[in-house]
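# Remarks on the overall topology
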Amino acid sequence: MNNILTDRHNRKHTYLRISLTERCNLRCTYCMPEGGVALSPKSHIMSFDEIYTIAKTFADNGVTKIRLTGGEPLIRKDITVLLKKLASLPVELAITTNAVSVDRFIDTFKAYGIQNINVSLDSLDADKFKQITRRNYFDKVYYNILLLVKNGFNVKLNAVLIKGFNDNEIIDFINLTKKLAINIRFIEFMPFDGNKWDMKKMVSYNEIMNVVNTSFSEDKVNRIQDAPNDTSKNYKIEGYRGSFAIISSVTNPFCDSCNRLRLTANGQIKNCLFSAKESDLLTPLREGKAIEPIIQNAIKTKLKIRGGMDTIEKLQKPELHTKNRNMTTIGG
Ligand code: SF4
């Protein structure tokens, strides 16, 4: 591992999340602002060759995992061409999708060794699904999740909990893991530009565990080993096939072991999900210039916690959120 991916806090960045598109076929209220997002001009979006070149630069310097995100990555035209290119790199290739069209990619994923699939699903209720995504695709998404499990993929379901909306489904989600060998991940609602975030709407780690411990006796709730650099704290109900986890970026950040970097669809490197600071890789790449020094500088300047929002007070300053992008163009 070359040193350009190690920051001042001695965190080695081995995991690159690449947003393939700013477009999405859903309109989730906590991600996509009401009026949609101003999309970058097509010429500003990375081509497949540019994505491959940048990804290879990171892999050559020590990145071992690449996750493809969006918007919705599977709506990027001819994505199978890119998957074939990226599958030639010595990295674990993974994808985060809303699963609306995942049934069309089962064989492609198998062909290119994509095993780990994260699916965003915030409700098990079709009406609530429609309310939060502004689209009527619940049955298709649920069917496709079962299809992924049936085909042996490692499926994680990401559910952003919002108070008074889907926090009454925590146990329903956990009970899915009784028969399904999947990992349900409850995500604390986070502040991003345009998502009307309010600390009062967020369901905290402690609140989630209170619901769990009220529904299951203590001896049935097992804390299981987290993976290295894991963003989630993992649990398993005794006798259940699957597991559940909590991603507590707001109340219990996990920045100490952060190994993540993000590349936006328009070729900007973000050293932290919460940081508004970005470094342009695409323009110098197109000018034939080296991008390693830019990558190194982006990582050397990475702040320790949440892009500088290291206290709850700072996290509640809207002026800090609006400087950052909206979630759709970051890719989670
Ligand atoms: S908030 Fe930033 S530093 Fe913390 S874990 Fe997320 S990406 Fe890493």
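Here's a quick rundown of the structure. Predicted model only: the values in this text are computed from it and were never measured.

A separate point is the packing of aromatic side chains. In this structure the tally under the stated criterion is nine aromatic pairs. Geometrically, the ring pair formed by Phe109 and Phe153 is edge-to-face, given 6.1 Å between the ring centres and 85° between the ring planes. In this pair, Phe109 sits in helix α3 (residues 106–111) while Phe153 sits in the loop between α5 (138–150) and β5 (154–161), placing the two residues 44 residues apart along the sequence. Take Phe109 and Phe153: they sit in the same class, and that class is buried.

Let us now look at the nonpolar core. Counting residues in hydrophobic clusters, the biggest one holds 103 residues, and the most contacted among them are Ile18, Phe58, Ile66, Phe109, Ile174, Phe186 and Phe244. Looking at this core, the element that brings in the most residues is helix α1 (residues 48–60), giving six residues. Residues within four places of Ile18 in sequence aside, it is in contact with Met46, Ile51, Ala55, Ile66, Arg67, Leu68, Thr69 and Leu263.

Turning to the pattern of salt bridges, a few remarks are in order. This model, assessed by the stated rule, comprises 16 salt bridges. A salt bridge links Lys163 to Glu207, with the shortest nitrogen-to-oxygen separation between them at 2.8 Å. Of this pair, Lys163 sits in the loop between β5 and α6 (170–176) while Glu207 is found in helix α7 (residues 205–215), placing the two residues 44 residues apart along the sequence. Here Lys163 falls in the partly exposed class, since its relative accessible area comes to 35%. The structure contains a network of salt bridges with shared partners spanning Lys270, Glu278 and Arg325.

This part takes up the site of the ligand. All residues in the neighbourhood of the ligand are listed as Phe254, Cys255, Cys258, Arg260, Arg262, Cys272, Leu273, Phe274, Lys302 and Arg306. For the shell around the ligand, a count of residues per class yields six nonpolar, no polar and four charged.

Moving on, we come to the side chain of Asn234. Along the polypeptide, Asn234 turns up in strand β8 (residues 233–237). Among the residues examined, Asn234 registers a relative accessible area of 6% and is labelled buried. Of note is the side chain of Asn234, whose polar atom sits 3.2 Å from the side chain of Asp230. Those residues in contact with Asn234, other than ones at most four positions away along the chain, are Asn183, Asn222, Arg223, Ile224, Asp226, Phe244 and Ala245.

Cut-offs applied
Residues numbered from 1 in each chain as written. Predicted model: local features only at pLDDT ≥ 70, side-chain atom pairs only at ≥ 80, totals over all residues. Heavy atoms only, no water. Phe/Tyr/Trp six-rings, centres within 6.5 Å; stacked < 30°, edge-to-face > 60°. Helix = DSSP H or I, 4+ residues; strand = E, 2+ residues; numbered from the N terminus. Buried < 20%, exposed > 50% of the residue type's maximum accessible area, 1.4 Å probe, protein only. Core = buried A, V, L, I, M, F, W, Y, C linked by side-chain atoms within 4.5 Å. Contact = heavy atoms within 4.5 Å. Salt bridge = Lys/Arg side-chain N within 4 Å of Asp/Glu carboxyl O. Near = heavy atom within 4 Å. Nonpolar A, V, L, I, M, F, W, Y, C, P; charged D, E, K, R; others polar. Polar contact = N/O pair within 3.5 Å; in protein donor to acceptor, adjacent residues only side chain to side chain.

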